[in-house]
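Take a look at the letters that make up each chain.
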Amino acid sequence: MTVRYGQLQALTSIDLTMASGETVAMIGANGAGKSTLLRTIAGLHSPVEGTIRFEDRDITRLAAYERVALGIVLVPEGRRLFPSLTLEENLRIGATRGRPGSWSLARVYDLFPWIAERRRMTTVFLSGGEQQAVAIARALMSNPRILLLDELSLGLAPAVIHRLYNVLPSLLAAGMTILLVEQDVTQALRVSDRAHCLLEGRITLSGRPEELTPAEVEAAYFGLARRGGAGAG
Amino acid sequence: MVWVNALVQGILLGGLYALFACGLSLLFGVMRVVNLAHGDFAVLAAYVALAIIAGLQLPVLWTALVVAPLFALVGYLVQRFIVQRSLAVSPLTTLLVTFGLSIVIQNALLQLLSANSQSLPSGVLASGSLEVNGQLSIGYLSVIVFVVAVVVIVALQMFLSHTALGRQVRAASDDQEVANTVGVNVRHVFGIAAAIAFATVALAGVAFGMYSSFDPAAGPQRLIFAFEAVVIGGLGSLWGTLVGGIVLGLAQVLGAQVDAGFGVLAGHLVFLAVLALRPGGLIPARFS
C-alpha cells in the first residue's frame, strides 16, 4: 500500500503480512514513516493505493472505531491519555467497543495495584512510565487481537523503558499479534520475532532479529547502503 | 422589601438565562463550536410551539414535550451534516456556518410568517403568582422555568460525569483522534451532544416565548444574553453557566430597580467587569 500526506509520499509500496500471535518490530529513524504505517493500519489515514486486509476481510475503508471492534487497537505515540477523565474512566473508555475477553478492570488493577489506588484521580500527575502503562492497559481493555504500539520508549528514562519491555511479554496473552514501532532498536529487537527496517517510506531490511547483524541494521537504519530490500520491500 | 423582591425576581430571571445558555455552553465545551444561530433556534422553537398550540390545541407547557425531542433530532442532523463538515476545516469556518444558519432562519421565518411579533398564550401561568406579602410576589412561570433550568443543568452534569455516553463525550472533547482509536464514534457522540444542546434551546425558546413577545429577528439580541451568561460563569463549565445566568438576571433586575432604563445596561456592565477582572469567568472549569 501507499500513503500520502498532502504532497508528501509518506509510505511507498509497503507490503507487510503478519501471522497470528507474532511480534513484529518496525524500526527506523525519525520521519521514516513508521508512525504513519501504524496510524494507517489503525484507520487514521487511508492509503491512496492498496488495501488493508484482516482475516480475508478488506478493512481499508473501515473507520478507526470500527476496527477496534474487530480487535485492531493503537497505543498512540506520546501516550495521549484523556486529561478530563479519571484513571478508571481512561481504562473504561478502552472497553467502549471492545471484544469479550480476559481483560477487565479487575485484571488491570490486579496487575497494577497503583492504578487501583489512584483510580479516581486524573492522569496529569502520573510519570511518563505510569502514563505509558495506563495507555497500554487502556488498549488491552478492548481485548485486542492486533496491538499497534507506537514508540513506547518516547521520552522515558532508559531504566523505565527496560522495565516496560520486561513487563510487556507477560501482558500479551498468547495469540495476540503485535506490531511495534520503535526508535530504540535494542529493545525492539529483544522482544520481536521478526523485524523490518523502514527508511524514507520503504522497507529496506527484513529478517529475524537473531539473523540481522548490527552492521546490516545500521546500514538500513541510516540508509548507508541500499541493499537487502528484497525481503519485503 | 422592594429590594428583596428585586433580588428574588433577578435570581428567577437568571434561571431563564441559564436554561437558554447551557446549550451554548455545552456545544462550546464539547466541540469548541460557538453557535451563532443559538438565539434563532430558540425563536424557531417558539414558532414551532405556536404552530403546535394552533394545530393540536395543546396547552403551552405540553408543547415543550414535543418541541424538545423534535429539536434534539434537528440538532443531531445539523451537527452531523452541517457543523461537523465545517469543524473539519477550521474553527473559524464553524462561526461562518452558524452565522449563515442564523440568517437563513431569520429570513425564512420572515418570509413565511411575517415580521409581526407573536407570543405564546400562557394564560394563568404568566399572570398568576404566589403572593408572599404586599410587596413580594413570585410568578408561577418564573418559578417553573427556574426549576426546569436547575434540573436540566444538574441532569446534564450527571450525564457527563456518570454515564458511559457522557464519558465518551468528554473523551471525544479531549482528543478526537485518540477517542476514535479506542472505539468512540466521535461524530455520533458529537451529534448526541448537539441533540442535547438543541433540546435545551427548544425548552428555553418556549420559556422565552411565554415571558415576552418574539419576532423573526429576535434571535441575535437574545444570543447576547446567552453569551454573557456563559462568559460570566466561565467558558465550558455548566455550573458556571447556572451561576452566570443568575448573576446576569440579578444585575438586570437590580439595575432596573435603580432606573427602569438601566436594567439591560447593568447586565452588560457586569459582563464587561467580569471580562476585565476575571476573564476566565466566575467558575472556570472543565466538564468533570
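All of these numbers come straight from a predicted model, not from anything done at the bench. (Residues numbered from 1 in each chain as written. Chains lettered and ligands numbered in written order. Predicted model: local features only at pLDDT ≥ 70, side-chain atom pairs only at ≥ 80, totals over all residues.)

Participant: Hey, could you go over the overall build of chain A for me, with residue numbers and the actual values?
Facilitator: On a plain count of helices and strands, chain A comes out with 9 helices and 10 strands. The globule rule puts the C-alpha radius of gyration for 233 residues at 17 Å, and the 18 Å found for chain A is close to it. Its C-alpha atoms put chain A at 50 × 40 × 35 Å along the principal axes. Among the 233 residues that make up chain A, the fraction classed as buried is 39%. A sequence separation of at least 24 residues applies to 71% of the contacts in chain A between residues at least 6 apart. (Helix = DSSP H or I, 4+ residues; strand = E, 2+ residues; numbered from the N terminus. Rg over C-alpha atoms; globule rule 2.2 N^0.38 Å. Buried ≥ 20, exposed ≤ 12 C-beta atoms within 10 Å, placed from the backbone. Contact = placed C-beta atoms within 7 Å.)

Participant: Just give me the short version of the pairing of strand E9 (residues 194–199) of chain A, but keep the residues and values in it.
Facilitator: Residue and element names in this part refer to chain A. Burial within E9 is extensive, with 5 of its 6 residues counted as buried. By the bridge criterion, 4 bridges tie strand E3 (residues 23–27) to E9 in an arrangement that is parallel. Looking across to E9, one finds that isoleucine 27 is bridged to cysteine 197. (Pairing = 2+ DSSP bridges.)

Participant: Help me get a handle on the environment of proline 279 of chain B, residues and values and all.
Facilitator: Position of proline 279 of chain B relative to the elements: it lies in the segment after helix H12 (263–277). Its 11 C-beta neighbours within 10 Å are what place proline 279 of chain B among the exposed residues.

Participant: So, helix H1 (residues 34–42) of chain A: which residues are in play, and what are the values?
Facilitator: Residue and element names in this part refer to chain A. A large share of H1 lies buried, amounting to 9 of its 9 residues. For H1, every residue scored as buried is listed here: Lys34, Ser35, Thr36, Leu37, Leu38, Arg39, Thr40, Ile41 and Ala42. Glycine 43 lies just past H1 and shows a positive phi near 105°.

Participant: Please provide a residue-by-residue account of the sheet that holds strand E7 (residues 146–150) of chain A, values included.
Facilitator: Residues and elements named next belong to chain A. Taken in spatial order, the 6 strands line up as E6-E7-E8-E3-E9-E10 in an open sheet, and their pairing is mixed. Strand pairing shows two members of the sheet lacking a second neighbour, strand E6 (72–75) and strand E10 (202–207), which therefore form its edges. Adjacent strand axes in the sheet meet at a mean angle of 20°, parallel and antiparallel pairs treated alike. (Axes fitted to C-alpha atoms, helices over the stretch in contact; angles between N-to-C directions.)

Participant: A description of the packing of helix H3 (residues 87–94) of chain A against helix H6 (residues 128–140) of chain A should follow, citing residues and the corresponding values.
Facilitator: Residue and element names in this part refer to chain A. In the contact formed by H3 and H6, the axes pass within 6 Å of each other and the chain directions differ by 35°. Note on packing geometry: the crossing formed by H3 with H6 is right-handed. Contact residues: Leu87, Asn90, Leu91 and Gly94 in H3; Val134, Ala137, Arg138 and Ala139 in H6. Looking at the contact of H3 with H6 residue by residue, the classes come out as 5 nonpolar, 2 polar and 1 charged. (Left-handed = near helix turned anticlockwise from the far one by under 90°. Nonpolar A, V, L, I, M, F, W, Y, C, P; charged D, E, K, R; others polar.)

Participant: Describe the nonpolar core, naming the residues involved and giving the relevant values.
Facilitator: Residues and elements named next belong to chain B. Ranked by internal contacts, the top residues of the largest apolar core, which has 153 residues, are Leu19, Ala45, Ala46, Ala193, Phe198, Leu203 and Val206. Element by element, the count of residues in this core is highest for helix H9 (residues 186–211), at 19 residues. Dropping the residues within four chain positions of it, alanine 45 is found in contact with Val67, Phe71, Val201, Ala202, Gly205 and Val206. (Core = buried A, V, L, I, M, F, W, Y, C linked by C-beta atoms within 7 Å.)

Participant: Can you lay out the confidence of the model for chain B for me, pointing to particular residues and giving the numbers?
Facilitator: Summary statistics for chain B give a mean pLDDT of 91 and a share of 99% for residues scoring 70 or more. Among the prediction metrics, the complex's ipTM stands at 0.86, with pTM recorded as 0.89. (pLDDT = per-residue confidence, 0-100.)

Participant: Describe the interface of chain A and chain B, listing the residues and the values that go with them.
Facilitator: On the side of chain B, 17 residues touch chain A, which itself brings 22 residues to the contact. Taken together, the residues of the side of chain A that touches chain B break down into 12 nonpolar, 5 polar and 5 charged.

Participant: I'd like a rundown of the pairing of strand E8 (residues 177–182) of chain A, residues and numbers included.
Facilitator: Residue and element names in this part refer to chain A. Where burial is concerned, most of E8 is hidden: 5 out of the 6 residues are buried. The pairing of E7 with E8 spans 5 bridges and is classified as parallel. In the strand pairing of E8, isoleucine 146 is matched with threonine 177.

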